[in-house]
Amino acid sequence: MTRIFAVTNQKGGVGKTTTSVNLAAAFARAGLRVLLIDLDPQGNATMGSGVEKRSAHRTVYHVLLGLADVAGARARSQSGGYDLLPANRDLAGAEIELVGLDNREGRLREALAGVASEYDFIIIDCPPSLSLLTINGLVAAQAVLIPMQCEYYALEGLSDLVGTIKRVRAHLNPSLDIAGLLRTMYDPRNTLSQQVSQQLESHFGDKVYQTMVPRNVRLAEAPSYGAPAVVWDDTSKGAQAYLALAEEILARDRNDIGGGVRTMEAT
Ligand code: ADP
Ligand code: MG
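The shown structure was predicted, so the numbers you read here are calculated from the model rather than taken from an experiment.

With respect to the sheet that holds strand β3 (residues 75–77)
Okay, step 1: Read from one edge to the other, the open sheet built from eight strands follows the order β3-β4-β2-β5-β1-β6-β7-β8, with strand pairing classed as mixed. Strands at the two margins of the open sheet, each flanked by one partner only, are β3 and β8 (208–214). With direction set aside, neighbouring strand axes in the sheet form an average angle of 25°.
Okay, step 2: Examined bridge by bridge, strand β1 (residues 3–7) and strand β5 (residues 121–125) share five bridges and lie parallel to one another. Paired with R3 across the two strands is F121, which belongs to β5.

Structural notes on the nonpolar core
Okay, step 1: Residues I37, L112, I122 and I124 are the most contacted members of the largest nonpolar core, which totals 49 residues.
Okay, step 2: In this structure I37 touches V60, L85, L108, L112, I122, I123, I124 and D125, once residues within four positions along its chain are discounted.
Okay, step 3: In terms of nonpolar packing, the next biggest core, distinct from the first, is built from 35 residues, A24, A45, V51 and F121 among them.

Considering the layout of surface pockets
Okay, step 1: Roughly 310 Å³ of volume is contained in the second largest pocket.
Okay, step 2: Every residue lining the second largest pocket is counted, 22 residues in all, and those nearest its centre are G15, K16, T17, T18 and N44.
Okay, step 3: Going through the elements one at a time, α1 (16–29) and α2 (44–48) are the ones with two or more residues in the lining of the second largest pocket.
Okay, step 4: It is α1 that provides the largest number of residues to the lining of the second largest pocket, a total of five residues.
Okay, step 5: Residue composition of the lining of the second largest pocket, by class: eleven nonpolar, nine polar and two charged.

Here is what the cut-offs are and how they apply
Residues numbered from 1 in each chain as written. Chains lettered and ligands numbered in written order. Predicted model: local features only at pLDDT ≥ 70, side-chain atom pairs only at ≥ 80, totals over all residues. Heavy atoms only, no water. Pairing = 2+ DSSP bridges. Helix = DSSP H or I, 4+ residues; strand = E, 2+ residues; numbered from the N terminus. Axes fitted to C-alpha atoms, helices over the stretch in contact; angles between N-to-C directions. Core = buried A, V, L, I, M, F, W, Y, C linked by side-chain atoms within 4.5 Å. Buried < 20%, exposed > 50% of the residue type's maximum accessible area, 1.4 Å probe, protein only. Contact = heavy atoms within 4.5 Å. 1 Å grid on protein atoms, 1.4 Å probe; cavity = no way out; pocket = protein on both sides within 12 Å on 5 of 7 lines; lining within 4 Å. Points joined across faces, edges and corners; volume = space filled by probe spheres on them. Nonpolar A, V, L, I, M, F, W, Y, C, P; charged D, E, K, R; others polar.

The following block contains the structure:
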């Protein structure tokens, strides 16, 4: 079965793109077939995958507007070992153009239907907003992965995001779930980080991934080499954290299949 994750947080700079790119590469390393979708006009996931965003003729923009299909627009991340649906500045205009089209919230979902079975994992790197682009990501996904920095305002923003997820679930995608909350750029020596981290655990319980991503310069350097850190320096603390996260996600999935939760729901 294909797993489709939207990596979402309306705050910028919390590690969405770093998480998307490294998780894609970590799953690819595990032998899984992965499609990474760059849904941010900044095109950072595209560049971080080693694909030149300016020379991408067909992008996610064309897919959303029905001008290309996924098979005709995807590129290959040679460094990452996964397929990429690239993005660039073109996508900034999509928001307005989408408004006039029908099924404007479900266009990505519709476009993925034809290729989903070719992949084990599809990861959607959302832009830093709760815009129509992000809604397309949430409607296409089965679950949301929320990267967050453990700082003072983090929890406040989280309630807006959870509200949006609830609205999408109520009206557009009833099976949307929260896959997990990921603590990024974590500094265990910082008391505030520890406090926010504990609050997260008490609010969200086992929805909080056990894996924490530390602040690590290799994660920040890797994009300038056009490669995920997981490939570029797999011994770094940052890469190790994302490899562990991939393991944790796969283990959760394994436990889910035929496990208590689903069996209980079925009865
Ligand atoms: P977002 O996609 O949420 O805007 P990014 O993944 O682009 O966030 O991260 C924002 C910046 O922080 C980038 O420059 C990135 O390289 C850097 N960064 C992300 N995660 C880490 C980390 N764990 N340690 C150090 N730098 C990081
Ligand atoms: Mg980003």
